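# Understanding the architecture of this molecule
These are the residues of each chain, in order.
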Amino acid sequence: QTVVTQEPSFSVSPGGTVTLTCGLSSGSVSTSYYPSWYQQTPGQAPRTLIYSTNTRSSGVPDRFSGSILGNKAALTITGAQADDESDYYCVLYMGSGRVVFGGGTKLTVL
Amino acid sequence: QLQLQESGPGLVKPSETLSLSCTVSGGSISSSSYYWGWIRQPPGKGLEWIGSIYYSGSTYYNPSLKSRVTILVDTSKNQFSLKLSSVTAADTAVYYCARYDFWSDNWFDPWGQGTLVTVSS
């Protein structure tokens, strides 16, 4: 069974840049997996940030960007702000109608 | 603006069936462009896809839950529903519904606010 992997935690300084990744336990992530990214703060529903690898959802600031880096999908936050401190989840489309969520990355801004 | 709202019992006994509904407002569930999905999140843990349904009734389920899950759609009420049978404490979670753009870019948006379901006697 394929597992979608994410860093369990990451920290970034205010104003800094951080790249979170989304990989596969076996194989490489490509645009064909339609990676999407979601931000979640405690007690809130997830908020869509990025879909189809690099398309920002409506209202998402351009300091959030998505890409493929090597064999993984990536979410880059440029100029991190305090309210970026959240959990971030990636989702990959595995084919045949099946999607898999990554385990999430807890981002700390300090 | 499309909105989704989950509803259902917040407490279910072990071995019983969990039943939730998701009401769609501000748009039609019969849109040919989208599927509709259920996702859950156990307390303190990550998100897990449960399954998705099209207005025609076509479904996709998470293989790990498939034997216990049924997702149905009621276009007359603009709702879709989730039934999860033989629940245990491990099924305690916040359950979210979301629109799923299956035909194009495979993403979930918007999401409902979520509803907590506790499995306990």
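See the structure above.
Predicted, not measured: the structure shown is a model, and the values here were computed from it.

### Focus on the overall build of chain A
Looking only at helices and strands, chain A has zero helices and eleven strands in total. The order of α-helices and β-strands along chain A, N terminus first, is β-β-β-β-β-β-β-β-β-β-β. Taken against the 2.2 N^0.38 rule, which gives 13 Å for 110 residues, the C-alpha radius of gyration of chain A at 13 Å falls within 12% of a compact globule. Buried residues in chain A amount to 47% of all 110 residues. Within chain A, counting contacts between residues at least 6 apart in sequence, those at least 24 apart form 51% of the total. Carbon and sulfur atoms make up 46% of the accessible area of chain A, which totals about 4,800 Å². Between the centroid of the 6 positive side chains of chain A and the centroid of its 6 negative side chains there is a distance of 8 Å.

### Observations regarding the pairing of strand S11 (residues 105-109) of chain A
All names here are of chain A. Along S11, the buried face is formed by Thr105, Leu107 and Val109; none of Lys106 and Thr108, which line the opposite face, is buried. Taken together, the four bridges between strand S2 (residues 9-12) and S11 define a ladder with parallel strand orientation. Its bridge partner being in S11, Val12 is matched across the sheet by Val109. The pairing of strand S9 (residues 87-95) with S11 spans two bridges and is antiparallel.

Calculation rules
Starting afresh in each chain, residues are numbered from 1 along the sequence in its written order. Here chains are named by letter from A upward and ligands by number from 1 upward, in the order in which they appear as written. Residues qualify for local features only when their pLDDT is at least 70, as the model is predicted, and side-chain atom pairs are given and counted only at 80 or more; totals for whole chains, interfaces and linings, by contrast, use all residues. Where side-chain values are given, they derive from all heavy atoms of the structure, hydrogens and water being excluded. The helix count covers DSSP runs of H or I at least four residues long, the strand count covers runs of E at least two residues long, and both are numbered beginning at the N terminus. We compute the radius of gyration from the C-alpha atoms alone; for a globule the expected value is 2.2 Å times N to the 0.38, where N is the number of residues. Only protein chains enter the accessibility calculation, which uses a 1.4 Å probe; a residue is then buried when its area is under 20% of its type maximum, exposed when over 50%, and partly exposed in between. Contact definition: two residues touch when any of their heavy atoms are within 4.5 Å. Here the accessible surface of atoms and residues is derived via Shrake-Rupley with a 1.4 Å probe, and residues count as covered only by protein chains that are part of the display. When charges are tallied, Lys and Arg are placed among the positive residues and Asp and Glu among the negative ones, while His and the ends of the chain are skipped. The atom standing in for a charge is NZ when the residue is Lys, CZ when it is Arg, CG when it is Asp and CD when it is Glu. Note: two strands are recorded as paired if DSSP finds a minimum of 2 bridges between them.

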